[in-house]
Amino acid sequence: MTSLRELIRSRRSTFDFNPGPVPLDDVRELFEAGIWAPNHKLTQPWRFIHLGEQTRSVLRLRYAELQKQKGPDMSEAAQQERYAKGMQKFDSKPTIVAVSCSQEGSEIQKREDYAATCCAMQNVALAAWDAGVGMQWSTGPMTREAATYELLDIDTNREYIIGFFYMGYPCKTSRTRRKSIDEVFRTTE
Ligand SMILES: Cc1cc2nc3c(=O)[nH]c(=O)nc-3n(C[C@H](O)[C@H](O)[C@H](O)COP(=O)(O)O)c2cc1C
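Residues numbered from 1 in each chain as written. Predicted model: local features only at pLDDT ≥ 70, side-chain atom pairs only at ≥ 80, totals over all residues.

Asks: Looking at this model, I keep getting lost on the sheet that holds strand S1 (residues 46-50). Mind explaining?
Replies: Consider a sheet: its strands pair through backbone hydrogen bonds, and that pairing is either parallel or antiparallel. Spatial strand order, S1-S2-S4-S3: 4 strands in an open sheet with antiparallel pairing. Sheet topology places S1 and strand S3 (134-138) at the edges, where each strand pairs with a single neighbour. Averaged over all neighbouring strand pairs, the angle between strand axes comes to 25°, with direction disregarded. Here S1 pairs with strand S2 (residues 95-102) via 5 bridges, running antiparallel. Residue pairing in the sheet places Ile-49 in a bridge with Ala-98 of S2. (Pairing = 2+ DSSP bridges. Helix = DSSP H or I, 4+ residues; strand = E, 2+ residues; numbered from the N terminus. Axes fitted to C-alpha atoms, helices over the stretch in contact; angles between N-to-C directions.)

Asks: What is the right way to read the nonpolar core from this model?
Replies: As a rule of thumb, nonpolar side chains are buried together in soluble globular proteins. If you look at the biggest cluster of nonpolar residues, it comprises 27 residues, and the most contacted ones within it are Val-97, Val-99, Val-124, Ala-128, Met-135, Phe-165 and Met-167. For this core, the secondary structure elements donating two or more residues are helix H2 (24-32), S1, S2, helix H5 (107-130) and strand S4 (159-168). Here Ala-128 is in contact with Leu-30, Val-133, Met-135 and Met-167, once residues within four sequence places are set aside. (Core = buried A, V, L, I, M, F, W, Y, C linked by C-beta atoms within 7 Å. Buried ≥ 20, exposed ≤ 12 C-beta atoms within 10 Å, placed from the backbone. Contact = placed C-beta atoms within 7 Å.)

Asks: What should I look at first to understand the environment of Asp-130 in this one?
Replies: With respect to the secondary-structure elements, Asp-130 resides in helix H5. Distance in space between the C-alpha atoms of Asp-130 and Cys-119 is 17 Å, their sequence separation being 11 residues. With residues up to four places along the chain from it excluded, the contact list for Asp-130 reads Thr-2 and Leu-7.

Asks: In this structure, what is going on with helix H3 (residues 53-69)? I would like to understand it.
Replies: Given 3.6 residues per helical turn, the α-helix brings residues three or four places apart onto the same face. Taking 1.5 Å of rise per residue, 17 residues should cover 24 Å, and H3 covers 24 Å from first to last C-alpha, within 8% of that figure. Buried residues of H3: Leu-59, Tyr-63, Ala-64 and Gln-67, and no others. Taken together, the buried residues of H3 touch helix H4 (76-91). (Expected span 1.5 Å × (residues − 1).)

Asks: What is the right way to read H5 from this model?
Replies: Between its first and last C-alpha, H5 extends 35 Å over 24 residues, near the 34 Å set by a 1.5 Å rise per residue. Of the positions making up H5, those classed as buried are Asp-113, Ala-116, Thr-117, Ala-120, Met-121, Asn-123, Val-124, Ala-125, Ala-128 and Trp-129. In this structure, the buried residues of H5 make contact with helix H1 (4-10), H2, S1, S2, S3 and S4. Looking at the residues trailing H5, positive phi occurs at Gly-132, about 80°.

Asks: Is there a simple way to think about unusual backbone geometry in this case?
Replies: For Lys-41, which is not glycine, the phi torsion reads 65° and is therefore positive. Following the sequence through the fold, Lys-41 ends up in the loop between H2 and S1. Located in the positive-phi region is Leu-42, a residue other than glycine, with phi close to 50°. Tracing the sequence through the fold places Leu-42 in the loop between H2 and S1.

Asks: Can you walk me through the environment of Ser-180 in this structure?
Replies: With respect to the helices and strands, Ser-180 occurs in the loop between S4 and helix H7 (181-184). Taking the C-beta count within 10 Å as the criterion, Ser-180 has 7 such neighbours and is therefore assigned exposed.

Spelled out as structure tokens, the structure:
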């Protein structure tokens, strides 16, 4: 059995998935781990939206368009290639869940609610990793566009999308590194 400490250290963002979505019931169960995150004044600010096929088909085109726009000086053919690759890349994300947090009340409450939603997502990521499901947090431009808020029926005045979570069964585990604890931890007199 993996200890909690081992689970925390071994979790990696997943960028390459095997084909096939995570079954919806399993996704719901993993996100249930999110709702136990700490949150000040029990505001429970998190909202999770599992994207269905119709929604994906709209975002897929936008995602491809944004990929294409990354090379404005390229030839038409090269831009078309970027567009096609963009669609393939989007399709390679088997399951997508948009996560938003309530942004109501004072500036302090908004900060705290954002923080709490991030805590929720780490709970979900760890529960997922424990179950053999990988995730990548994305804050790409699509997550910030008015059209995305409209598509997902999210009121920009009341909620903020903290990210899209790409999920699936990992086919490759990425590598990473960290500063040592000595570099980031200190004590005072
Ligand atoms: C708030 C937040 C936003 C992120 N946005 C992106 C993103 O837009 N694109 C991306 O490739 N990774 C994104 N990541 C994932 C990081 O790249 C990843 O966590 C980092 O490389 C460390 O790797 P690890 O998660 O495997 O420890 C994001 C992570 C966080 C916490």
